[in-house]
Amino acid sequence: MTADSVTELVDRLHREAEQDRPSEQTPDVGIVMGSDSDLETMMTGGRRPGAYDAFVEELGFEEQTDFETPPESRFTFETYVTSAHRTPDLMYAYAETAEARGIDVIIAGAGGKSADLPNMTASIAYPLPVIGVPVQEKSVDSVIGMPTGAPITAVDAGKSFNAALSAAQILAREHEELRNRLVAYHDALQEDVGTVSRDLHDGGTLEFSRE
């Protein structure tokens, strides 16, 4: 028996898939996770920045929370919890409808030793690219353990920030504006390292350590 809230979400996804909305009005990236306990790792990163930080703070994306009323930003993402073990119907519906709903790439994160959400999502959404995020170290083998012919791209444990950058790289092949944002972000990283290296060398280790 499927819970009412799950049924409502499944029906919503199928209704949205039937609308055939222009791509500029639909989310470019779909972010799914197995539990809301994964939210800190998947989105804000806790001790390290996450996918939300990469998309919003670095690349100028906006989160789309209403499919029929997109935000002003050209590049957007959406977020769902679609547990492979507790809500398989919702996971299947999300992956099955993603392409028809305008999603170009999915980021899927899960934790535990049986982190099946990224793999299952990749299988169902194929040929849509899926980037897997192992939420914990013990999730890595589960996420990357796909057989030949069933591809998934994955990042290291907890690094949803890199997953967001990879998703943006995929989109940037067709969007020059987004490519320019990625280049600007990378240039800023280089500038930061160069500044640190100069200050360390010119001021010496002791002076640099006091700052």
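Residues numbered from 1 in each chain as written. Predicted model: local features only at pLDDT ≥ 70, side-chain atom pairs only at ≥ 80, totals over all residues. Heavy atoms only, no water.

Novice: Report on the overall build of the protein, specifying residues and quantitative values.
Specialist: Summing up its helical and strand segments, the protein has 9 helices and 6 strands in all. Its C-alpha atoms give the protein a radius of gyration of 19 Å, within 12% of the compact-globule value 17 Å for 211 residues. Along the three orthogonal principal directions, the C-alpha set of the protein runs to about 65 × 40 × 35 Å. Of all 211 residues assigned to the protein, the portion counted as buried reaches 45%. In the protein, once contacts between residues fewer than 6 apart in sequence are set aside, the share between residues at least 24 apart is 66%. Split by element, the accessible area of the protein, about 11,500 Å² in all, is 47% carbon and sulfur. (Helix = DSSP H or I, 4+ residues; strand = E, 2+ residues; numbered from the N terminus. Rg over C-alpha atoms; globule rule 2.2 N^0.38 Å. Buried < 20%, exposed > 50% of the residue type's maximum accessible area, 1.4 Å probe, protein only. Contact = heavy atoms within 4.5 Å. Areas by Shrake-Rupley, 256 points an atom, 1.4 Å probe, with all protein chains shown as cover.)

Novice: Could you give me a rundown of the side chain of Ser-73, with the residues and numbers involved?
Specialist: As for its position among the elements, Ser-73 is in the loop between β2 (62-63) and β3 (76-81). According to the relative accessible area criterion, Ser-73 is buried, its value standing at 11%. Among the polar contacts listed, one links the side chain of Ser-73 to the backbone oxygen of Gly-60, at a separation of 3.1 Å. With sequence-adjacent residues up to four places away left out, Ser-73 is seen in contact with Gly-60, Phe-61 and Glu-62. (Polar contact = N/O pair within 3.5 Å; in protein donor to acceptor, adjacent residues only side chain to side chain.)

Novice: Break down the pattern of salt bridges for me, citing the residues and quoting the values.
Specialist: Scanning the entire structure with this criterion turns up 8 salt bridges. Between Arg-210 and Glu-207 there is a salt bridge; the shortest N-O distance is 3.0 Å. Of this pair, Arg-210 and Glu-207 both sit in helix α9 (residues 205-210), separated by 3 residues, roughly a single helical turn. Taking relative accessible area as the criterion, Arg-210 reaches 62% and is therefore assigned exposed. Three or more residues are tied together by salt bridges with common partners; here these are Glu-16, Glu-78 and Arg-101. (Salt bridge = Lys/Arg side-chain N within 4 Å of Asp/Glu carboxyl O.)

Novice: Please give an account of the pairing of strand β1 (residues 29-33) that cites residues and values.
Specialist: Of all the 5 residues making up β1, 5 are buried; the element is thus mostly covered by neighbouring parts of the structure. Neither face of β1 is open: one carries Val-29, Ile-31 and Met-33, the other Gly-30 and Val-32, and all of them are buried. The pairing of β1 with β3 spans 5 bridges and is classified as parallel. Considered in β3, the bridge of Val-32 is made with Tyr-80. (Pairing = 2+ DSSP bridges.)

Novice: Please set out the packing of aromatic side chains residue by residue, giving values where relevant.
Specialist: Applying the stated criterion to the full structure yields 6 aromatic pairs. With a centroid separation of 4.6 Å and an interplanar angle of 40 degrees, the aromatic rings of Phe-55 and Phe-61 are classed as tilted. (Phe/Tyr/Trp six-rings, centres within 6.5 Å; stacked < 30°, edge-to-face > 60°.)

Novice: Talk me through the side chain of Asn-119; I want residue IDs and the actual numbers.
Specialist: Assignment of secondary structure puts Asn-119 in helix α5 (residues 117-125). Among the polar contacts listed, one links the side chain of Asn-119 to the backbone oxygen of Ser-142, at a separation of 2.6 Å.

Novice: Explain the pairing of strand β5 (residues 130-134) residue by residue, including any values.
Specialist: In terms of burial, β5 is a largely internal element, 5 of the 5 residues being buried. Here β5 shows no split at all, with Val-130, Gly-132 and Pro-134 on one side and Ile-131 and Val-133 on the other all buried. In this sheet, β5 lies alongside strand β4 (residues 105-110) in parallel orientation, the contact comprising 5 bridges. Residue pairing across strands places Ile-106 opposite Val-130, the latter belonging to β5. Handedness of the crossover joining β4 and β5 through α5 is recorded here as right-handed. Pairing between β5 and strand β6 (residues 153-154): 2 bridges, direction parallel. Paired with Ile-131 across the two strands is Thr-153, which belongs to β6. (Right-handed = clockwise from strand over helix to strand, strands pointing away.)

Novice: Can you break down the sheet that holds β4 residue by residue, with the values?
Specialist: Spatially, 6 strands are ordered β2-β3-β1-β4-β5-β6 in an open sheet, and the strand pairing comes out parallel. The two strands at the open ends of the sheet, each matched to only one other strand, are β2 and β6.

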